[in-house]
Amino acid sequence: MNRRDALTTVALAGVAVAASLDPGAAEIAPANSALERIKRTGVLRVAVIVGQEPYFHKDLPTGQWSGACIDMANDIASKLSAKVEVVESTWGNQILDLQGDKVDIAFAVNPTPERALVIDFSTPILVHSFTVITRKGFAKPSMWEEINKPEVKIAIDIGSTHDLIARRYCPKATILGFKTRDEAILAVATGRADCNVSLAVLAVSTLKKNPTLGEMSIPRPLLTLPTNMGIRAEPDRRYRDFLSAWADYNRSMGQTREWMLKGFASVGLTADDIPAEVQF
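Note that this is a predicted model, so its numbers are computed, not measured.

Q: For this particular structure, what's the right way to read the pattern of salt bridges?
A: Pairs may arise between side chains of opposite charge once their charged atoms sit close together. This model, assessed by the stated rule, comprises 17 salt bridges. Notably, a salt bridge pairs R45 with D104, separated by 2.9 Å at the nearest N-O pair. Of the two residues, R45 sits in strand β1 (residues 43–48) while D104 sits in the loop between α4 (94–99) and β5 (105–109), which places them 59 residues apart along the sequence. Residue classification places D104 among the buried positions, given a relative accessible area of 1%. Here D194 makes a salt bridge to R135, at a shortest N to O gap of 2.9 Å. Remark: R135 occurs in strand β7 (residues 126–135) and D194 occurs in the loop between α7 (181–189) and β10 (195–199); sequence separation between them is 59 residues. Exposure remark for D194: the relative accessible area of 9% places this residue in the buried category.

Q: Explanation requested: the pairing of β7 in the structure shown.
A: Looking along a regular strand, one sees side chains alternate from face to face of the sheet. Burial analysis of β7 places eight of its 10 residues in the buried class, the great majority of the element. Bridge count between β7 and strand β12 (residues 224–232): four bridges; the pairing is antiparallel. Residue pairing across strands places S129 opposite T224, the latter belonging to β12. With five bridges joining them, β7 and β10 adopt antiparallel strand pairing. Looking at the pairing, F130 lines up with L199 of β10.

Q: In this structure, what is going on with the packing of aromatic side chains? I would like to understand it.
A: Enumeration according to the criterion identifies four aromatic pairs in this entry. Arranged with centres 6.0 Å apart and planes meeting at 75°, the rings of Y55 and W91 form a pair that is edge-to-face. With Y55 in the loop between β1 and β2 (57–59) and W91 in the loop between β4 (83–88) and α4, the pair connects residues that are 36 residues apart, well separated along the chain. With respect to class, Y55 is no different from W91; both count as buried. Judged by centre distance (5.6 Å) and plane angle (15°), the ring pair of W246 and W259 falls under stacked. One end of the pair, W246, is in helix α9 (residues 238–252); the other, W259, is in helix α10 (residues 255–265), and 13 residues separate them in sequence. Each of the two residues, W246 as well as W259, counts as buried. A network of ring pairs unites the aromatic residues Y55, F56 and W91 as a single cluster. Over the face of the ring belonging to Y169 we find R168, whose NZ or CZ atom lies 4.7 Å from the ring centre.

Q: Any chance you could explain the packing of α9 against α10 here in plain terms?
A: Think of two packed helices as two axes; the pair is described by the angle between the axes and how far apart they sit. Close contact between α9 and α10 brings their axes to 5 Å; oriented N to C, the two are set at 80°. One way to sum up the angle between α9 and α10 is to call them roughly perpendicular. Between α9, through W246, N250 and R251, and α10, the contact on the second element is made entirely by Q255, T256 and W259.

Q: Just to check I follow, could you spell out helix α8 (residues 200–209) for this structure?
A: Of all 10 residues in α8, eight are buried; the element is thus mostly enclosed. Those residues of α8 not exposed but buried are A200, V201, L202, A203, V204, S205, T206 and L207. On its buried face, α8 sits against β7, α6 (161–169), α7, β10, β11 (214–217) and α10.

Q: Explanation requested: the environment of V86 in the structure shown.
A: Positionally, V86 belongs in strand β4. When the C-alpha positions of V86 and V46 are compared, they lie 4.9 Å apart, and in sequence the two are 40 residues distant. With near-sequence residues (within four places) excluded, V86 lies in contact with V46, V48, W65 and I70.

What counts, and at which threshold
Residues numbered from 1 in each chain as written. Predicted model: local features only at pLDDT ≥ 70, side-chain atom pairs only at ≥ 80, totals over all residues. Heavy atoms only, no water. Salt bridge = Lys/Arg side-chain N within 4 Å of Asp/Glu carboxyl O. Helix = DSSP H or I, 4+ residues; strand = E, 2+ residues; numbered from the N terminus. Buried < 20%, exposed > 50% of the residue type's maximum accessible area, 1.4 Å probe, protein only. Pairing = 2+ DSSP bridges. Phe/Tyr/Trp six-rings, centres within 6.5 Å; stacked < 30°, edge-to-face > 60°. Lys NZ or Arg CZ within 6 Å of the ring centre and 35° of its normal. Axes fitted to C-alpha atoms, helices over the stretch in contact; angles between N-to-C directions. Parallel < 35°, antiparallel > 145°, perpendicular 65-115°, else oblique. Contact = heavy atoms within 4.5 Å.

What follows is the structure in structure tokens.
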């Protein structure tokens, strides 16, 4: 064995020893991380959801996407010298799309302990509250307990945080699960359900688009939850740290609020139309 081969053998032995002491060390491959893939391909794959203003809006005739989260995605992509590629999803499927490496980022993801076991999160984009949208003729609840009854039918989109909140605070109610939030809203509009649990920012725009639907209430206790960006869990933390710094900076500078107000404006809402409890 010559000197070069001997040094190679020693080096490989060192790697093997390090891996045996720290099994995770052998799995760390920054070249395969989300950040490196985005920089290498110049593409940021973003999960988008139809009809979820102010976050996402799809113009059906042109197929063009807009909304607060599209503006955010474009800004993030510009920092990485990349362009945005949209991948249609649902609130319930975003997590699966991250795990399946179909997207690099999912917006408006509420962090829960269960989700934290399978994906990672940035720091919050904003914090907002949960509301109830009622059908016409159904009394607006001032407390969650008022709709925690077997005779009350609550429509939710399966797998979403709306689903979790409804089951946590209204376990006695009749929960009707639907694949998408639009289907849950339709159930309320047609009288199949009495109400729908939605995040405040979504509820405000929903009622603007459907003025005959009913009313929105913010029951007590006031339930708030941060809204973050979701990414795949990986050993390389640079992508997560970058997104967290980006989220903190834009929230503190008021840029996030401007993006949200622009998203609301697309459905004809101004800052004066938004209840004081809806913060962003």
